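Chain by chain, the residues run as shown.
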Amino acid sequence: MLFTGTYEHTVDEKQRLAIPSEIRSQWSDSEDGGAFFAVPWPGGLLRLYTETHFRKLASSRSLTLTPDEDEAELQATLFGMARRLEMDKAGRVRLTDDHLTLAGLTKEVVLVGAGDRLEIRDRAEWKASVADRLNQLPELIRRINARKQPDHRG
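Conventions adopted
- Residues numbered from 1 in each chain as written.
- Predicted model: local features only at pLDDT ≥ 70, side-chain atom pairs only at ≥ 80, totals over all residues.
- Heavy atoms only, no water.
- Salt bridge = Lys/Arg side-chain N within 4 Å of Asp/Glu carboxyl O.
- Helix = DSSP H or I, 4+ residues; strand = E, 2+ residues; numbered from the N terminus.
- Buried < 20%, exposed > 50% of the residue type's maximum accessible area, 1.4 Å probe, protein only.
- Expected span 1.5 Å × (residues − 1).
- Bend = angle between axes of the 7 residues up to and from the residue.
- Contact = heavy atoms within 4.5 Å.
- Polar contact = N/O pair within 3.5 Å; in protein donor to acceptor, adjacent residues only side chain to side chain.
- Pairing = 2+ DSSP bridges.
- Axes fitted to C-alpha atoms, helices over the stretch in contact; angles between N-to-C directions.

Student: How should the pattern of salt bridges be read in this particular structure?
Tutor: Applying the stated criterion across every chain yields a total of 14 salt bridges. Note that R123 is salt-bridged to E8, the shortest N-O span being 3.8 Å. With R123 in helix α6 (residues 123-148) and E8 in strand β1 (residues 6-10), this pair connects stretches of sequence that are 115 residues apart. Residue E119 pairs with R121 through a salt bridge whose shortest N-O separation is 2.7 Å. Both residues of the pair, E119 and R121, count as buried. Each of R47, D116, R117, E119 and R121 takes part in salt bridges that share partners, so that together they form one network.

Here's what the structure looks like:
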């Protein structure tokens, strides 16, 4: 599923977040799975991946019984903090206390479509950053394109 757009939402008193109907209408259990996987991320956000995409990304890593120290730490952090979130009949997911605390999120949030995922961010911070994000876009594109170029230094 391709996630685009920005949606302002409120986390209710039971820590439920409504997934927008525009997204739910495109959801296919057979293609996307039966849930989201939520992963807290630095910078005060939660990343939501469809179950199918999360499993695909997880299986693309070379998991081994003998990972080196860095790989073992990465696995423990990413998989240890990931949570499977099923949507209820009203299209809501229940966010966990630890995720909300780690991300520093309160009731006022925004869901940001980020291509292969949704990101849950603080609404006020997002709104305050939109103009700067747009202005920085050309430089961001330049840096990403520079990383993709092969290094021709001898």
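Text resumes after the structure shown.
Student: Can you walk me through α6 in this structure?
Tutor: An α-helix turns once per 3.6 residues; consequently, residues spaced three or four apart project the same way. The first and last C-alpha atoms of α6 sit only 32 Å apart over 26 residues, clearly below the 38 Å expected at 1.5 Å per residue. Of all the bends in α6, the greatest reaches close to 45° and is centred on L137; the proline P138 follows between one and four positions later. Every buried residue belonging to α6 is among R123, W126 and S129, and all of these are buried. Where α6 is buried, its residues contact β1, β7 (108-113) and β8 (118-122). Structurally, the start of α6 carries an N-cap: the backbone nitrogen of A124 is 3.2 Å from a side-chain oxygen of D122.

Student: Is there a simple way to explain unusual backbone geometry in this structure?
Tutor: What you tend to see is this: most non-glycine residues have negative phi, and most peptide bonds are trans. Of note in this structure, Q15 is not a glycine but carries a positive phi near 65°. You can see Q15 is positioned in the loop between β1 and β2 (16-18).

Student: It is not clear to me how the sheet that holds β7 should be interpreted in this structure. Could you clarify?
Tutor: The strands making up a sheet associate through backbone hydrogen bonding, with each pair oriented either parallel or antiparallel. Strands sit in the order β1-β7-β8-β4-β3-β5 across an open sheet of 6 strands; the sheet is antiparallel. What marks the edges here is a single partner per strand, and that holds for β1 and β5 (83-86). For this sheet, the mean inter-axis angle between neighbouring strands, taken without regard to orientation, is 30°. Bridging between strand β3 (residues 35-41) and β5 involves 4 bridges; their strand directions are antiparallel. Its bridge partner lying in β5, A38 is registered against R83. Packing against the sheet, α6 makes contact with β1, β7 and β8, and its axis sits at approximately 105° to β8.

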